[in-house]
Amino acid sequence: MTPSNSFTRPFFLGIDIGGTNIKIGVVDDSGNVLGHTKIKTEEEKGPADAATRVRMATDKLLEELGLTLSDIAAAGAGAPGTMDIPAGMMLEPHNLPHWYHSPVRNLLSDALDGKRVSFANDANAAAFGEWWIGTGKQFHSIVLLTLGTGVGGGIIIGDLSVDGENSAGSECGHMIVDSSPEARICGCGKRGHLEAYCSATALVKRANELFNQGRKSSLTARISPATPLTALMIDEEADKGDPFAIEIVDELGDWLARGIVSIMYCIDPGVIILGGAMNFGGEDNATGTRFLKRIREYIKENAFPIPAQRTTVAFALLGGDAGFIGAAGIGRAEFHKRRHA
């Protein structure tokens, strides 16, 4: 098939590298997705092997779309973990141990016949996607917080991703929200970080702590050695009205709102977007609606009146596609800047 006239050239390739899968998509100049696919990361085989397989999957996808690599103006890739963005290097991504200190950008560029590849943190790429065509498309500046196993962050101002001097910018999940000596320990090993209070991991850990103190819940009947507690189970019981589940989701919302107010004072964004797998069903669900309302109420009580009134807080729109769309968008932005330089 050939691309419909409804798509606007040039076209861009987005690559979203994850610990389990690598998502690949072709996006047009207006942010429309022509098509996408995914491959297993197969982490233990390393980044060079992955780059080769990305090329194979890209060729197959382009063939299905009636395109070739020559139709792609530029590419972008988002990756997790610590990195050196200017050098295109992944440094020490904890869930990709065989990818330590690897020149991922150059490996992908070589696999794509020298095609220019822009490189970004995966959360910043997702944030760019939401800013470009998602929840943040009507705003000049956005902050995306991704709630999942950990808490990721992305900040976009204008069309610029806030990467920082040392490629560690926008790591909102590691801002300190509790400075007490007994503050919870984050997955990174430091105390008091937002991630230690607002991730799915933290939610489950908090529930188990309270169970060990004798708290009761409808959740206890669902838990067994073969079926450990999950954040989804907590969400489901909150939907059913279990007071314990509602309480700990509310508590998480309060901690998240504390972090959001601090972000507001630093960035003053137009919108705070909540993404990731743990969205409590979004605004179409009772728990998600309650979660968002509680955060907004905390902001109203604790932020300056004008930003409290004007800053939007909303759930993300693009879901799991945000990463490859945003990576393609970053590649597109750099392509147009070079073309008009």
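Note: the structure precedes this text.
About the criteria used
- Residues numbered from 1 in each chain as written.
- Predicted model: local features only at pLDDT ≥ 70, side-chain atom pairs only at ≥ 80, totals over all residues.
- Heavy atoms only, no water.
- Core = buried A, V, L, I, M, F, W, Y, C linked by side-chain atoms within 4.5 Å.
- Buried < 20%, exposed > 50% of the residue type's maximum accessible area, 1.4 Å probe, protein only.
- Helix = DSSP H or I, 4+ residues; strand = E, 2+ residues; numbered from the N terminus.
- Contact = heavy atoms within 4.5 Å.
- Pairing = 2+ DSSP bridges.
- Axes fitted to C-alpha atoms, helices over the stretch in contact; angles between N-to-C directions.
- Salt bridge = Lys/Arg side-chain N within 4 Å of Asp/Glu carboxyl O.

J.: Run through the nonpolar core, naming residues and quoting values.
T.: It is characteristic of soluble globular proteins that their nonpolar side chains tend to be buried jointly. Of all hydrophobic cores here, the largest spans 51 residues; its most connected members are Ile234, Leu256, Leu274 and Phe291. Among the elements that make up this core, the one with the highest residue count is helix α7 (residues 243-267) (12 residues). If we ignore the near neighbours within four places in the chain, the residues touching Ile234 are Leu203, Val204, Ala207, Leu219, Leu229, Ala245, Ile248 and Val249. Grouped together as the second largest cluster of nonpolar side chains are 33 residues, Ile17, Ala75, Leu96 and Val104 included.

J.: So what about the sheet that holds strand β4 (residues 72-79)? Which residues, and what values?
T.: Hydrogen bonds between backbone groups are what pair the strands of a sheet, and the pairing can be parallel or antiparallel. If you walk across this open sheet you meet the 5 strands as β3-β2-β1-β4-β7, and the pairing is mixed. Every other strand in the sheet has two partners, leaving β3 (33-40) and β7 (117-121) as the edge strands with one partner each. Within the sheet, the average angular offset between the axes of one strand and its neighbour, ignoring direction, is 15 degrees. The sheet strands contacting helix α3 (residues 122-133) are β1 (11-17), β2 (21-27), β4 and β7, and the helix crosses β7 at an angle near 105 degrees.

J.: Help me get a handle on the pattern of salt bridges, residues and values and all.
T.: If you walk through the whole model with that rule in mind, you get 18 salt bridges. Through salt bridges that share partners, Glu42, Lys45, Asp49 and Arg53 make up one connected network.

J.: Tell me what's going on with the pairing of strand β11 (residues 271-275), and back it up with residues and numbers.
T.: Of all 5 residues making up β11, 5 are buried, and the element is well covered by its neighbours. Here β11 shows a buried face lined by Val271, Ile273 and Gly275 and a second buried face lined by Ile272 and Leu274. By the bridge criterion, 5 bridges tie strand β8 (residues 141-147) to β11 in an arrangement that is parallel. Bridging across to β11, Thr146 finds its partner in Gly275. Alignment of β11 against strand β12 (residues 312-315), held across 4 bridges, turns out to be parallel. Along β12, the bridge assignment pairs Ile273 with Ala314.

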